[in-house]
Amino acid sequence: MEADERRRLRREAAEYYRGHRVPERMEDVLNALFPRCPDDLYGELANYFSEFSKAPVISKLVGRKVLDGVGQPTLKVEIYCTVKNYEQRICSIVMATHSQIPENALPEKIEADETERNDSVHTAVEWVNESLTTMLRDLDPTDQCQADKMLDEYFAKKVEEMKEIEKRKEEEKEEEEELAKVTPSTASCPPAPTPKKKKGGKPGKKMSEEVKPIPPAEPAEPVLGGSLAIGGASLAIAKAAATISQVPLYLHTAQLKHSQESPKEMTLPLPMVTLLNCEKKSPTKLKLVKEVMLIPPVELSLKQGIERVLDIQKEFTRLLLSPGKTPPPLKIISHLGCLTTGYDSLEQLLLQMQTACNNIDLELGTDMYLAINCAAHELLDYDKGKYEILTGTFKSPDEMVAMYVEMINNFPFIIGLIDPLRKEDREQWSSICHALGSKCYLIAEDAAMQISKLKTDQNINIAMCSGVVLKYINQTKVSDLIELTGILDGQRHITILGSPDGESSDESLVDLAVGLGARFLKLGGLSRGERVAKYNRLLAIEEELAANGALR
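Quick summary incoming for the structure in this document. Keep in mind the model is a prediction, meaning the values are calculated, not measured.

Brief notes about the overall build of the protein
Next up, step 1: The number of helices and strands found in the protein is 16 helices and 15 strands.
Next up, step 2: Split into buried and exposed, the 552 residues of the protein put 46% on the buried side.
Next up, step 3: Residue pairs in contact within the protein that sit at least 24 positions apart in sequence constitute 70% of those at least 6 positions apart.
Next up, step 4: Accessible area of the protein: about 29600 Å², with a carbon and sulfur share of 51%.

What to know about the side chain of Thr 476
Next up, step 1: Note on placement: Thr 476 falls in the loop between strand E13 (467-470) and helix H14 (478-490).
Next up, step 2: When its relative accessible area of 7% is taken as the criterion, Thr 476 is described as buried.
Next up, step 3: Once residues within four sequence positions are removed from consideration, Thr 476 is found in contact with Gly 231, Ile 451, Lys 471 and Leu 481.

Brief notes about the pattern of salt bridges
Next up, step 1: What the rule picks out here adds up to 26 salt bridges.
Next up, step 2: The partner of Lys 163 in a salt bridge is Glu 160, with the nearest N and O atoms 3.8 Å apart. In this pair, Lys 163 and Glu 160 both sit in helix H5 (residues 144-182), 3 residues apart, roughly one turn of the helix.
Next up, step 3: Exposure remark for Glu 160: the relative accessible area of 44% places this residue in the partly exposed category.

Regarding unusual backbone geometry
Next up, step 1: Even without a glycine there, the phi angle at Asp 361 is positive, about 60°.
Next up, step 2: Tracing the backbone shows Asp 361 in the loop between helix H10 (346-359) and strand E7 (369-373).
Next up, step 3: According to the relative accessible area criterion, Asp 361 is exposed, its value standing at 68%.
Next up, step 4: The phi dihedral of Arg 528 falls on the positive side, at around 70°, and the residue is not glycine.
Next up, step 5: When you line up the elements, Arg 528 lands in the loop between strand E15 (520-524) and helix H16 (529-547).

A few points about the sheet that holds strand E3 (residues 86-94)
Next up, step 1: Taken together, 3 strands build an open sheet; the order of strands is E1-E2-E3 and the sheet is antiparallel. Of all strands in the sheet, those bounded by a partner on one side alone are strand E1 (57-67) and E3. Sheet twist, expressed as the average angle between the axes of neighbouring strands with direction ignored, equals 25°.
Next up, step 2: As paired elements, E1 and strand E2 (residues 73-83) share 10 bridges and run antiparallel to each other. Within the sheet, the bridge partner assigned to Val 57 lies in E2 and is Thr 82.
Next up, step 3: The sheet strands contacting helix H7 (residues 228-245) are E1, E2 and E3, and the helix crosses E3 at an angle near 125°.

Some points on the pairing of E7
Next up, step 1: Within E7, 4 of the 5 residues are buried, leaving the element largely enclosed by the surrounding structure.
Next up, step 2: As paired elements, strand E5 (residues 291-295) and E7 share 5 bridges and run antiparallel to each other. From the neighbouring strand, Ile 295 faces E7, where its bridge partner is Tyr 369.
Next up, step 3: The sheet contact formed by E7 and strand E11 (residues 414-418) spans 4 bridges and is parallel. When the bridges of E11 are listed, Ile 372 appears paired with Leu 417.

What to know about a nonpolar patch on the surface
Next up, step 1: Where nonpolar side chains cluster on the molecular surface, the patch consists of Met 26, Phe 49 and Phe 52 and spans about 300 Å² of accessible area.
Next up, step 2: Its place among the elements puts Phe 49 in helix H3 (residues 41-50).

Quick word on the nonpolar core
Next up, step 1: Judged by nonpolar contacts, the single largest core of 125 residues is most densely connected at Leu 288, Tyr 404, Ile 414 and Leu 417.
Next up, step 2: Counting only domains with at least three residues in this core, you end up with domain 2 (57-155) and domain 3 (249-548).
Next up, step 3: Excluding residues within four positions of it along the chain, Ile 414 makes contact with Leu 350, Leu 370, Ile 372, Met 407, Ile 408 and Cys 440.

Regarding the packing of helix H9 (residues 302-320) against H16
Next up, step 1: Closest axis-to-axis distance for the H9/H16 pair is 9 Å, and the angle between their directions is 150°. Residue-level contacts link Leu 302, Lys 303 and Ile 306 of H9 to Tyr 535, Leu 538, Leu 539 and Glu 542 of H16.
Next up, step 2: The residue makeup of the contact of H9 with H16, split by class, is 5 nonpolar, no polar and 2 charged.

Overview of the sheet that holds strand E10 (residues 393-395)
Within a sheet, neighbouring strands are paired by backbone hydrogen bonds and run either parallel or antiparallel to one another.
Next up, step 1: With respect to topology, 3 strands assemble into an open sheet ordered E8-E9-E10, the strand pairing being antiparallel. With partners counted over all chains shown, the strands left at the sheet margins are strand E8 (380-381) and E10, one partner each.
Next up, step 2: In terms of strand pairing, strand E9 (residues 386-390) meets E10 through 3 bridges, oriented antiparallel. Each bridged residue has a counterpart across the sheet, and for Leu 390 the counterpart in E10 is Thr 393.

Some details on the environment of Leu 336
Next up, step 1: Looking at where Leu 336 falls in the secondary structure, it is placed in the loop between H9 and strand E6 (339-340).
Next up, step 2: Once the C-alpha coordinates of Leu 336 and Gly 69 are considered, the two residues, 267 residues apart in sequence, prove to be 9.7 Å apart.
Next up, step 3: In contact with Leu 336, other than residues within four places in its own chain, are Asn 277, Glu 291, Asp 501, Gly 524, Gly 525 and Arg 531.

As for helix H15 (residues 508-516)
Next up, step 1: Counting buried positions along H15 gives 9 out of 9 residues, so the element sits mostly inside the fold.
Next up, step 2: When we look at burial in H15, the residues that qualify are Ser 508, Leu 509, Val 510, Asp 511, Leu 512, Ala 513, Val 514, Gly 515 and Leu 516.
Next up, step 3: At the exit of H15 stands Gly 517, carrying a positive phi of roughly 75°.

The rules behind the values
Residues numbered from 1 in each chain as written. Predicted model: local features only at pLDDT ≥ 70, side-chain atom pairs only at ≥ 80, totals over all residues. Heavy atoms only, no water. Helix = DSSP H or I, 4+ residues; strand = E, 2+ residues; numbered from the N terminus. Buried < 20%, exposed > 50% of the residue type's maximum accessible area, 1.4 Å probe, protein only. Contact = heavy atoms within 4.5 Å. Areas by Shrake-Rupley, 256 points an atom, 1.4 Å probe, with all protein chains shown as cover. Salt bridge = Lys/Arg side-chain N within 4 Å of Asp/Glu carboxyl O. Pairing = 2+ DSSP bridges. Axes fitted to C-alpha atoms, helices over the stretch in contact; angles between N-to-C directions. Patch = residues over 30% accessible without salt bridge, like charges linked within 9 Å, V, L, I, M, F, W, Y side chains within 5 Å. Core = buried A, V, L, I, M, F, W, Y, C linked by side-chain atoms within 4.5 Å. Domains from an automatic or database assignment. Nonpolar A, V, L, I, M, F, W, Y, C, P; charged D, E, K, R; others polar.

Below, the structure written as structure tokens:
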């Protein structure tokens, strides 16, 4: 019986070969492809027939707990695909982490944040290795839209589950409170005496008329534990698709944004290179400045711009450590990959910047520009309702606007202010944009909402700001960035892609910025390996685009 079956199968195979003229077609292919015998005939045949193989599909995702550039736990996602019947590891990504805890937070707050981060990464690893790998198995990695839709639905389900858990906890708490009310107390307490009003007292000051009350701080956006898994899976899939398609991630990203059309020319984002990190908890007086960033002029190539920044950094460091100067009071290199020091006034800082540039025959405002990250949300004293710009010196939101106008008029080489006000001070954002919008970029970083809300509201929270710093963190997906940068482009806002505080050695952020057409790229300083790796990737992309004649 088995012999008959084998004979039948052989007859069917022979008929198939004859009917489809397989031998003749093979001979034609060999003659057409290889007029002379190649060194590796079977390799050439393998390449030819690979075009007829099934498209690779995802076989599994692997999540691992790793450390980021500051030694904090984060998520690594590896992606495996079935390629020509074999499972292959295609690529991996490491997510950057972002903490919403300000640098002057209490130790117990920092400790609680670290515990929460550990738990979140542990949950993310579980999601990747269990639910997501099952959900995404057999999916074509080039179908980013479908992958992100599935990830979005999964995350929405997790959010609903968390809300249910919190609702049950709240109900249990209310039941306990009701029981406590019903339980009779052992002793009755006398009613508290009603305080008597003072007679003949002086009328108090009408503070509400003299000082405009500040809007209260909006609650921080909740971060669901495990959300790193969503962003990690989305980015890993995009990188896998680029690898399988044999194109760089930046080109694959551009194709996704422009409906699979490859742009003929591409523009590199301008780097915002952090030169100084002025920590707000330092013993010096100046609190207004968190970061000082250098922006090379557009007429320079990226390579020339980075070399010029390095020259300024070298001279600035020499000035700080020259004889007779007190070394910086805190650590020399910060987690942002730049120098750390403090100043007693903004003028002192900016004059030293000018001196460093003049010493090497460069002029601020022509040969190099500055941007300042004010991080105003870390300055507000809620008891006084004012910003503490210097130790013991406070200004109201309206006074802050006047101060910035004077600053830009006096130092026109400052072409960017990041978070000059809190996001809640919408009236003052409007005022500062009217006053300075034509003179410098007014950029929202912390003052912008989370990407998920920005997509929903589509008004960039502060409609009149110049642009927004976007960070690839938590549940952000590649499709989210594509959609949101399209919205920003349509509203004539600029896009800045930025590194979070806890940066990793993964370079994908640079490819995303180039592919999405970001105007600026905020990566930190030119120290620390995880940040320098990104600058090196940007330099490599510049060389590649220039070699292909595609650099605008």
